[in-house]
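Take a look at the letters that make up each chain.
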Amino acid sequence: MTAWWVAATHGHIRARALCAWALSLTLAFTGLTVKADDKVDEALRRATRYLLEAQDPATGAVHNNIRNENAMSSMAVLALASLGHQPGDPTPEGEAMRKAIAYVLRPEGQDAQGYFGAVDGSRMYGHGITTLMLSEMLGMGVDAKQDELIRDKCRKAIDLILSAQKEPKTDGGRGGWRYAPDDKQSDMSVTVWQVMALRSAKNAGLDVPKEAIDDAVQYIKRLYDPEGKRGEGKPGGFGYNARGKEASTTAEGLLALQVCGEYESEEVLGASAKLLRDGIRQGDKWFFYTTYYYAQGMYQRGGKFADEGKRLAAELILPLQSREGWWEGVNEEKQGGKVYATSLAVLSLAVKNHFLPIYQR
């Protein structure tokens, strides 16, 4: 284990711990008590109980028996981490995270090329989600052996993302990703998960070439469609694999570009202006998916955008929670199961915490 990696991962942990401490100190000194936040906190407690109950006691996987076990377990770990829990905590949440991470790290969970999306059928979607989780957990294993295993498997997963990006692309897809590592096309949804994983890994000290991020940013920008004449702050949106203005892909593009440091680009200003004006609605296609990107993307934008993102996400999501603590998608999202919807709901509502490093501006 090299000194640079120890420094990077320890800094990763320290930043998160300081963030949690600062939030607690602020609340203690201001005496801040907001009814809306109380409702969110209660919803998050119930959701946490559900995620722990959904864990398979035999394997440690968190899922609903509908495959995608790597991806769902990783989403559950990210959701718990967004609430300030860590795998080293001597708590039920910490134990659940340790078991879920150990499940993802099992030898058969990743193939020889470093791919996580084959064994559980989650494709490059799941690979990006799982790689993001591992990069966020760098330095947080239960011991040095697990830390090293997380690092090794994360490094292989990152290398697969980089090699998949270099596959010859058609239809203007250069710089992006799609369903399989050797896919010749690209789309916004798969691309954003890979971008998040790359940025998280780079932030944690792993070697990620600048040109890989730059190429991904250019691909995302090519999907931008302004409303009328282009200009700073004029509303516009992003499409799926061509120019467009769908709410889900607009929210995805907004978050991805900001994570890559594009806080003041025309595309970020336009997308945030459109989302602030139009909002999102229950019943929208891919509702939980959209709300997750909307809440996180608007938080990154800051100011009135962050306030509105937090308010609207809570307003839309809270009424949909079951008494048992889970959420479930409808229509095209129903196939994801309750772990999928609940994890995304938690990540949307927990934006106020800022615990996960990838979401800290």
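Read on for a plain summary of the structure. (Residues numbered from 1 in each chain as written. Predicted model: local features only at pLDDT ≥ 70, side-chain atom pairs only at ≥ 80, totals over all residues. Heavy atoms only, no water.)

A few words now on the pattern of salt bridges. Enumeration according to the criterion identifies 21 salt bridges in this entry. Residue Arg178 is joined to Asp187 by a salt bridge in which the shortest nitrogen-to-oxygen separation is 3.2 Å. The burial state of Arg178 is the same as that of Asp187; both residues are buried. With its nearest N and O atoms 2.7 Å apart, the salt bridge here joins Arg277 to Asp278. Residue classification places Arg277 among the partly exposed positions, given a relative accessible area of 48%. (Salt bridge = Lys/Arg side-chain N within 4 Å of Asp/Glu carboxyl O. Buried < 20%, exposed > 50% of the residue type's maximum accessible area, 1.4 Å probe, protein only.)

To continue, consider the packing of aromatic side chains. This structure, assessed with the given rule, holds nine aromatic pairs. A ring pair is formed by Tyr289 and Tyr293, whose centres lie 5.1 Å apart and whose planes are at 75°; its orientation type is edge-to-face. Here Tyr293 and Tyr289 lie together in helix α11 (residues 287-301), a separation of four residues that amounts to about one turn. By relative accessible area, Tyr293 is classed as buried at 0%. Three or more aromatic residues joined by ring pairs form one cluster here, namely Trp193, Tyr289, Tyr292, Tyr293 and Tyr359. Seen from the ring of Trp326, Lys338 lies directly overhead, with NZ or CZ sitting 4.0 Å from the centre. (Phe/Tyr/Trp six-rings, centres within 6.5 Å; stacked < 30°, edge-to-face > 60°. Helix = DSSP H or I, 4+ residues; strand = E, 2+ residues; numbered from the N terminus. Lys NZ or Arg CZ within 6 Å of the ring centre and 35° of its normal.)

Let us now look at helix α7 (residues 188-203). Taking 1.5 Å of rise per residue, 16 residues should cover 22 Å, and α7 covers 22 Å from first to last C-alpha, within 8% of that figure. Most of α7 sits out of view: 14 of its 16 residues are buried. The backbone nitrogen of Ser189 lies 3.0 Å from a side-chain oxygen of the residue at the head of α7, namely Asp187. Positive phi appears at Gly205, one or two residues downstream of α7, with a value of about 105°. (Expected span 1.5 Å × (residues − 1). Polar contact = N/O pair within 3.5 Å; in protein donor to acceptor, adjacent residues only side chain to side chain.)

Okay, empty space enclosed by the protein next. Evaluation of the coordinates by the stated rule reveals two cavities of 30 Å³ or more. Volume-wise, the largest cavity comes out at about 50 Å³. Along the walls of the largest cavity sit Ser82, Gln296, Leu347, Ala350, Val351, His354, Phe355, Leu356 and Tyr359, which together make up its complete lining. Taken together, the residues of the lining of the largest cavity break down into six nonpolar, three polar and no charged. One number sums up the size of the second largest cavity: a volume of about 30 Å³. In this structure, the second largest cavity is lined by Gly283, Asp284, Trp286, Phe287, Val330, Asn331, Glu332 and Glu333. (1 Å grid on protein atoms, 1.4 Å probe; cavity = no way out; pocket = protein on both sides within 12 Å on 5 of 7 lines; lining within 4 Å. Points joined across faces, edges and corners; volume = space filled by probe spheres on them. Nonpolar A, V, L, I, M, F, W, Y, C, P; charged D, E, K, R; others polar.)

We now examine the environment of Ala314. Residue placement: Ala314 occurs in helix α12 (residues 303-317). Between the C-alpha atoms of Ala314 and Ala345, which are 31 residues apart in sequence, the distance is 9.2 Å. The contacts of Ala314, once residues within four sequence positions are left out, are Val40, Pro319 and Leu349. (Contact = heavy atoms within 4.5 Å.)

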